[in-house]
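Structural overview for review
What follows is each chain in one-letter form.
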Amino acid sequence: MEEVFRTAQGVSVPSVRGLCSGYREEGREGETVFTVSLTAPRQEELLRHFCRGLREPAYFTLELPVIEGEALPRGQERLLYDVYYLDGCTRPVLDALLDRYAELLCSDGLVRFGFASHEERDEIYVSDYKVIQVYTAAPGRTREILKGMGVPFKEDLRTLWDAVDEQHPAELSLVEAEEEWIFDIPENLKDAGMYLSGRREE
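Below, the structure is looked at part by part. Note that the structure is predicted; figures quoted are calculated from it, not measured.

So, the layout of surface pockets
One number sums up the size of the second largest pocket: a volume of about 170 Å³. The set of elements that each furnish at least two residues to the lining of the second largest pocket consists of helix 1 (43–52) and helix 2 (91–107). Per-element tally for the lining of the second largest pocket: the top contributor is helix 2, with three residues. Here the residues of the lining of the second largest pocket sort into four nonpolar, four polar and three charged.

With respect to helix 2
Helical geometry note: an α-helix holds 3.6 residues per turn, so side chains three or four residues apart project in the same direction. With 17 residues, helix 2 extends 23 Å between its outermost C-alpha atoms, agreeing within 8% with the 24 Å of an ideal straight helix rising 1.5 Å per residue. Buried residues of helix 2: L94, L97, L98, Y101, A102, L104, L105, C106 and S107, and no others. On its buried side, helix 2 packs onto helix 1, strand 4 (58–65), strand 5 (80–89), strand 6 (112–117) and helix 5 (185–188).

Quick notes on the environment of Y84
Note that Y84 resides in strand 5. Residue classification places Y84 among the buried positions, given a relative accessible area of 16%. On a C-alpha basis, the gap between Y84 and R199 in space is 9.1 Å, while along the polypeptide they are 115 residues apart. Beyond its immediate sequence surroundings of up to four residues, Y84 is in contact with F60, T61, L62, L64, P186, M194, Y195, L196 and S197.

Focus on unusual backbone geometry
E56 connects to P57 through a cis peptide bond whose omega is -5 degrees. Mapped onto the elements, P57 comes out in the loop between helix 1 and strand 4. At Y129, a residue that is not glycine, the phi angle is positive and equals roughly 65 degrees. Looking at the secondary structure, you find Y129 in the loop between strand 7 (122–126) and strand 8 (132–136). Owing to a relative accessible area of 16%, Y129 belongs among the buried residues under this scheme.

Here's the deal with the pairing of strand 7
Successive residues of a regular strand alternate their side chains across the two faces of the sheet. Most of strand 7 is tucked away, with five of its five residues classed as buried. Residues D122, I124 and V126 line one face of strand 7 and the alternating positions E123 and Y125 line the opposite face, and both faces are buried. Pairing analysis gives four bridges linking strand 6 to strand 7, with the strands arranged antiparallel. Considered in strand 7, the bridge of G114 is made with Y125. The antiparallel pairing of strand 6 with strand 7 creates a hairpin that spans four residues between the two strands. One ladder, built from five bridges, connects strand 7 with strand 8; its direction is antiparallel. Residue pairing for strand 8: V126 is matched across the bridge by I132.

Each value, and the rule that gives it
- Residues numbered from 1 in each chain as written.
- Predicted model: local features only at pLDDT ≥ 70, side-chain atom pairs only at ≥ 80, totals over all residues.
- Heavy atoms only, no water.
- 1 Å grid on protein atoms, 1.4 Å probe; cavity = no way out; pocket = protein on both sides within 12 Å on 5 of 7 lines; lining within 4 Å.
- Points joined across faces, edges and corners; volume = space filled by probe spheres on them.
- Helix = DSSP H or I, 4+ residues; strand = E, 2+ residues; numbered from the N terminus.
- Nonpolar A, V, L, I, M, F, W, Y, C, P; charged D, E, K, R; others polar.
- Expected span 1.5 Å × (residues − 1).
- Buried < 20%, exposed > 50% of the residue type's maximum accessible area, 1.4 Å probe, protein only.
- Contact = heavy atoms within 4.5 Å.
- Pairing = 2+ DSSP bridges.

What follows is the structure in structure tokens.
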């Protein structure tokens, strides 16, 4: 049965015509960069598979836009982000983070986030519109994960980045899950060691 591509709850685009789950690869200076487009219901699955194989200790990155209100107007670009880190994560900690926050992180339209190893170049990063990127020096593991999930390689992959432009803007909005918002996460994880690294302008 042909897949029906679904965007995250907090991401609204005029059309998903021509979009499907898939990935492409690009080699860059000793590492491979995977760009992965996944229908929203399968994003958490990829995150869990990837985090299970991260070499410990790992870290969690959280990027929160500096905004007023609960949504960005159509076509408005985000320019400022507060960047937070939670270092020294063991596998049980990664599992606990995903158990508590995966639904919120994968649903919200404004947050960017990722998980990576302190010990080697191995990172998964969920960027704008929930397009996923993997940066790794050992691409075989990511290929095996994607193959096991039935996600095909597509040289001409189209992502939500390709579906949005000035004439066809996206609308990104906050999402609540279990009575929590993305802006609650830093305070909730403060005692566990989450800290503000700085503010980034783009």
